[in-house]
Amino acid sequence: MSDWSRIEERLLAVAPGCVRRKVLLAPFTSYNIGGPSRLFVEPTSEDMVGEVLTVLDEEGVEPFVLGGGSNLLIADDGWDGVTLHIGHNLSGWEFDGTEAEVKAGTILLDFIREVVQLGLGGMELMAGIPGGLGGALRMNAGAFGHEIEGTVVKVRGYFPDGVPVALGRSAIEFGYRSAPELQKVIITSARFSFKPEDANVLKTRMDDVLLLRAEKQPLEYPSCGSVFKRPPGYYAGALIQEVGMKGKVHGNAQVSPRHAGFIVNLGGATAKEIRELMTIVSDKVQERFGVELQREVKFVGFDDVRE
Ligand SMILES: Cc1cc2nc3c(=O)[nH]c(=O)nc-3n(C[C@H](O)[C@H](O)[C@H](O)COP(=O)(O)OP(=O)(O)OC[C@H]3O[C@@H](n4cnc5c(N)ncnc54)[C@H](O)[C@@H]3O)c2cc1C
């Protein structure tokens, strides 16, 4: 049994003013779903992240790391532990020629806009992917054939026991929406490298993809983007449409009529409803096509899933 008041006291000693109790997680997610976190810590420096992790490791507590919250389904009962939020509290960048050092909590789109304005190419097609830099690295986020792995030079962070780590690009075997070597790393910053290009050309490219997203994606409703990864040789959305699930409503959750790969929160949906609809959809696809859809969205706070 964890002694939560002692843990809170120890956390306050290394992260004064950065620890709160019983914080509702829903507002930190793009789904706008999720119950409270027992403790919620928002470190304001990379060193502080290390100190917080050391305390948690000594107390035998593994935190849940929250970035921009755009790829998460958090249980209705929340997270009965410590949430380590790497967000606006740990954000910002510094350019050095065609390279940049970026803190992990930086909003990806803010950074891309700056990169484009400076006439640096390599990330413009990723404009519109919500969330932060840390989450994007952990997920190897990407769009239109460009993943974040294409520009990264080095990733810095801590192992869960508070030991610092720095991994060069070649030490990370990025895959489709995966970065196995970062699985256990709490990312605090990264270095990126870009190619000089005409800023106007880059801006047009960025605006085009933002427009395309607005046309194709149901951005008017809270969601986590594509629920499932693209199965080899197929498109998840097309398979879901084929089994007649496009537009299917379950409680306040719905398979988007605009994009069958999205399950949206129509307003007031519970995590339970969203999860049930995910299961109904993947069972139907499995039955009909024998294709097992793999979840892209991460589950947090569900007793039967640990990831
Ligand atoms: C409308 C919409 C459209 C989307 N479109 C795309 C798309 O085109 N392509 C795409 O790839 N994704 C897309 N996504 C999914 C999502 O935006 C990405 O996966 C994003 O990179 C997640 O970043 P985040 O900061 O929100 O991470 P979170 O959702 O906060 O976390 C995701 C995972 O990363 C971990 N994590 C977060 N921060 C850190 C950190 N600092 N250190 C270690 N681990 C961390 C979390 O523990 C969790 O396991 C979309 C989502 C939405 C809602």
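Residues numbered from 1 in each chain as written. Predicted model: local features only at pLDDT ≥ 70, side-chain atom pairs only at ≥ 80, totals over all residues. Heavy atoms only, no water.

1. Concerning the sheet that holds strand S12 (residues 164-168)
The condition that has to hold: The pairing criterion for strands is at least two bridges between them, as found by DSSP. Each helix corresponds to a stretch of at least 4 residues labelled H or I by DSSP, and each strand to a stretch of at least 2 residues labelled E; elements are numbered beginning at the N terminus. Fitting a line to C-alpha atoms yields each axis, with helices limited to the stretch in contact; the angle taken between N-to-C directions then spans 0 to 180 degrees.
Spatially, the five strands line up as an open sheet ordered S6-S7-S13-S11-S12, and their pairing is antiparallel. The strands lining the two open edges of the sheet, one partner per strand, are strand S6 (93-96) and S12. Ignoring which end each strand starts from, the neighbouring axes of this sheet average 15 degrees apart.

2. Here we look at the sheet that holds strand S5 (residues 79-85)
Operational definition: The contact criterion used throughout is that any non-hydrogen atoms of two residues lie within 4.5 Å.
Strand order in this open sheet of four strands is S1-S2-S5-S3, and the pairing throughout is mixed. Looking along the sheet, the strands with just one partner apiece sit at the ends: strand S1 (19-24) and strand S3 (64-66). Taken pair by pair, the neighbouring strands of this sheet meet at an average axis angle of 35 degrees, ignoring direction. The pairing of S3 with S5 spans three bridges and is parallel. Following the sheet pairing, Leu66 is matched in S5 by His85. On top of the sheet, helix H1 (residues 4-14) reaches S1, strand S2 (36-41) and S5; it is set at about 30 degrees to S2, its chief contact.

3. Examining the side chain of Thr151
Topologically, Thr151 is positioned in the loop between strand S10 (146-147) and strand S11 (152-158). Thr151 has contacts with Gly122, Met123, Arg191, Phe192, Ser193 and Phe194, leaving out every residue within four places of it along the chain.

4. As for helix H5 (residues 199-216)
The line we're drawing: One fewer than the residue count of a helix, multiplied by 1.5 Å, yields its expected span. The term polar contact refers here to a pair of N or O atoms within 3.5 Å; inside protein, the definition further demands a hydrogen-donor-capable atom paired with an acceptor-capable atom, and it admits residues adjacent in sequence only when both atoms are side-chain atoms.
Taking 1.5 Å per residue as the helical rise, H5 with its 18 residues ought to reach 26 Å, and the 26 Å between its terminal C-alpha atoms agrees with that figure. Next to the buried residues of H5 lie helix H3 (108-117), strand S8 (120-121) and strand S9 (142-143). Between a side-chain oxygen at the N-terminus of H5 and the backbone nitrogen of Asn200 the separation is 2.7 Å; the capping residue is Asp198.

5. Observations concerning the site of the ligand
Here is the rule: Residue proximity to a molecule or strand is established when one non-hydrogen atom of the residue lies within 4 Å of it. Note that Gly is not counted as nonpolar here; it falls among the polar residues with everything else outside the nonpolar set of Ala, Val, Leu, Ile, Met, Phe, Trp, Tyr, Cys and Pro and the charged set of Asp, Glu, Lys and Arg.
Taken together, 35 residues lie around the ligand, and Val65, Gly68, Ser70, Gly142 and Arg213 are the ones closest in. Contacts to the ligand include Gly132, whose backbone N or O atom sits 2.8 Å from an oxygen atom. Looking at the shell around the ligand, the elements that each hand over two or more residues are S3, helix H4 (133-139), S9 and strand S13 (186-193). Residue contributions to the shell around the ligand peak at five residues, all from H4. Its residues assigned to classes, the shell around the ligand comprises 16 nonpolar, 14 polar and five charged.

6. Some thoughts on helix H7 (residues 271-289)
Note the cut-off: Per-residue accessibility, obtained with a 1.4 Å probe over protein chains only, is compared with the maximum for each type, and a residue is labelled buried under 20%, exposed over 50%, and partly exposed between these values.
Here H7 spans 27 Å end to end across 19 residues, near enough to the 27 Å set by a 1.5 Å rise per residue. Listing the buried residues of H7 in full gives Ala271, Glu273, Ile274, Leu277, Met278, Val281, Ser282 and Val285. Buried residues along H7 sit against strand S4 (72-74), helix H6 (236-242), strand S15 (249-250), strand S16 (253-255), strand S17 (263-265) and strand S18 (298-300). Once H7 finishes, Gly290 follows within two positions and takes phi at roughly 65 degrees, a positive value.

7. Things to note about the environment of Gly261
In this structure, Gly261 sits in the loop between S16 and S17. Between the C-alpha atom of Gly261 and that of Gln217, which follows or precedes it by 44 residues, the distance is 9.4 Å. Those residues in contact with Gly261, other than ones at most four positions away along the chain, are Gly225, Ser226, Val227, Gly237 and Ile240.

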